[in-house]
Amino acid sequence: MKIQSVTGKVWLALSARLDEWTETPVYLPDTVFKPTADQAHLIIDPAYLDSDIEPIDYQCGEENRGFLNVRVMTPLTWNYAAALGLMGRVADLFPAGLKLSYLDADVTIWQHPRPNSSPVLEASWNRQDLRIDWRCWG
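What you see as residue numbers is a count from 1 along each chain, following the sequence as written. Since the coordinates come from a predicted model, pLDDT governs what is reported: local features require at least 70, and pairs of side-chain atoms require 80 or more to be given and counted, while whole-chain, interface and lining totals use all residues. Heavy atoms from the whole structure form the basis of all side-chain values; hydrogens and water molecules are not counted.

Trainee: How would you explain the overall build of the protein if you had to name every residue and give the values?
Mentor: Numbered from the N terminus, helices here are DSSP runs of H or I no shorter than four residues, and strands are runs of E no shorter than two. Within the protein, the secondary structure is distributed over two helices and nine strands. Going from N to C terminus, the protein has its helices and strands arranged as α-β-β-β-β-α-β-β-β-β-β. Dimensions along the principal axes, computed over C-alpha positions, put the protein at roughly 55 × 30 × 25 Å. For the protein, with 138 residues in total, the buried portion stands at 43%. Burial status follows relative accessibility: with a 1.4 Å probe on protein chains alone, a residue under 20% of its type maximum counts as buried, one over 50% as exposed, and anything between as partly exposed.

Shown next, in the form of structure tokens:
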């Protein structure tokens, strides 16, 4: 089956990069999971087109921009510095300028990932979202 949508191609390029992460479990959309309260993990949201940015048509293809949200979940026993360290290592997996591709879609991380919210308590974890901004030509 050939993927036609730009978001599908972007998702496959980004999720292939996430396959390289080994420090904690990674839970992709539609994954059933039951982490324990003492376990850090990442919850990955779908790759979204940014609705505030219109695609730019250069008469030879479109540039699309969007983001990937990563929920960095750390145990309540971790201090803030440890949680920030984990988030920083996740961000380092997607440095600004990183180029990924899937089929005819070229994906670039166009700026350094950054926190998307303040830390919040969610169930038995501290949660902080990391926004990874991408652009795709295709």
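Trainee: Report on the environment of Asn116, specifying residues and quantitative values.
Mentor: Among the secondary structure elements, Asn116 is positioned in the loop between β7 (114-115) and β8 (120-122). With 77 residues separating them in the primary sequence, Asn116 and Gln39 have C-alpha atoms 22 Å apart. Every residue in contact with Asn116, bar those within four places of it in the chain, is listed here: Asn69, Asp129, Leu130 and Arg131. Note on contacts: a residue pair is in contact if any heavy atoms of the two residues lie within 4.5 Å.

Trainee: Before we move on, can you summarise helix α2 (residues 80-92) with the specific residues and values?
Mentor: Here, expected helix span is obtained from the residue count minus one, scaled by 1.5 Å. Between the first and last C-alpha of α2 there are 18 Å, a value that for 13 residues agrees with the 18 Å anticipated at 1.5 Å per step. Here α2 has its buried residues at Ala83, Leu86, Met87, Val90 and Ala91. One side of α2 carries all its buried residues, which in axial view fall inside an arc of 145°. Opposite the buried face of α2, at more than 90 degrees from it, the exposed residues are Ala81 and Asp92. Residues of α2 that are buried make contact with β2 (41-49), β4 (62-75), β7 and β9 (125-137). As used in this structure description, the phrase polar contact means that two N or O atoms lie within 3.5 Å; if the pair is within protein, one of them must be able to donate a hydrogen and the other to accept it, and residues adjacent in sequence are counted only when both atoms belong to side chains. Capping the start of α2, Asn79 holds a side-chain oxygen 3.2 Å from the backbone nitrogen of Ala81, two or three residues further along. The reported arc concerns the directions from the helix axis to the C-beta atoms and nothing else.

Trainee: Go over the side chain of Asp133, please, and point to the residues and values.
Mentor: Here Asp133 is to be found in strand β9. In this structure Asp133 comes out as buried when scored by relative accessible area, which is 2%. A polar side-chain atom of Asp133 sits 2.7 Å from a polar atom in the side chain of Gln111. In terms of polar contacts, Asp133 uses its side chain to reach the side chain of Arg131, at 2.7 Å.

Trainee: Describe the pattern of salt bridges, naming the residues involved and giving the relevant values.
Mentor: Whenever a carboxyl oxygen of Asp or Glu lies within 4 Å of a side-chain nitrogen of Lys or Arg, that contact is scored as a salt bridge. This structure, assessed with the given rule, holds eight salt bridges. Ionic pairing is found between Lys9 and Asp104, a salt bridge with its closest N-O pair at 2.6 Å. Placement of the pair is Lys9 in helix α1 (residues 6-18) and Asp104 in the loop between β5 (99-102) and β6 (105-109), with a sequence separation of 95 residues. Close ionic contact of Arg127 with Asp129 constitutes a salt bridge, the shortest N to O distance being 2.7 Å. For Arg127, a relative accessible area of 18% translates into the label buried. On the basis of relative accessible area, Asp129 is assigned to the buried category, the value being 9%.

Trainee: Could you give an account of α1, naming the residues involved and the relevant values?
Mentor: For an α-helix, the turn length of 3.6 residues means that residues three or four places apart are oriented alike. Its 13 residues place the ends of α1 18 Å apart at the C-alpha level, agreeing with the 18 Å of an ideal helix rising 1.5 Å per residue. Within α1, 10 of the 13 residues are buried, which leaves it mostly tucked inside the rest of the structure. Of the positions making up α1, those classed as buried are Val6, Gly8, Lys9, Val10, Trp11, Ala13, Leu14, Ser15, Arg17 and Leu18. Structurally, α1 contributes buried residues whose contacts are with β2, β4, β5, β6 and β9.

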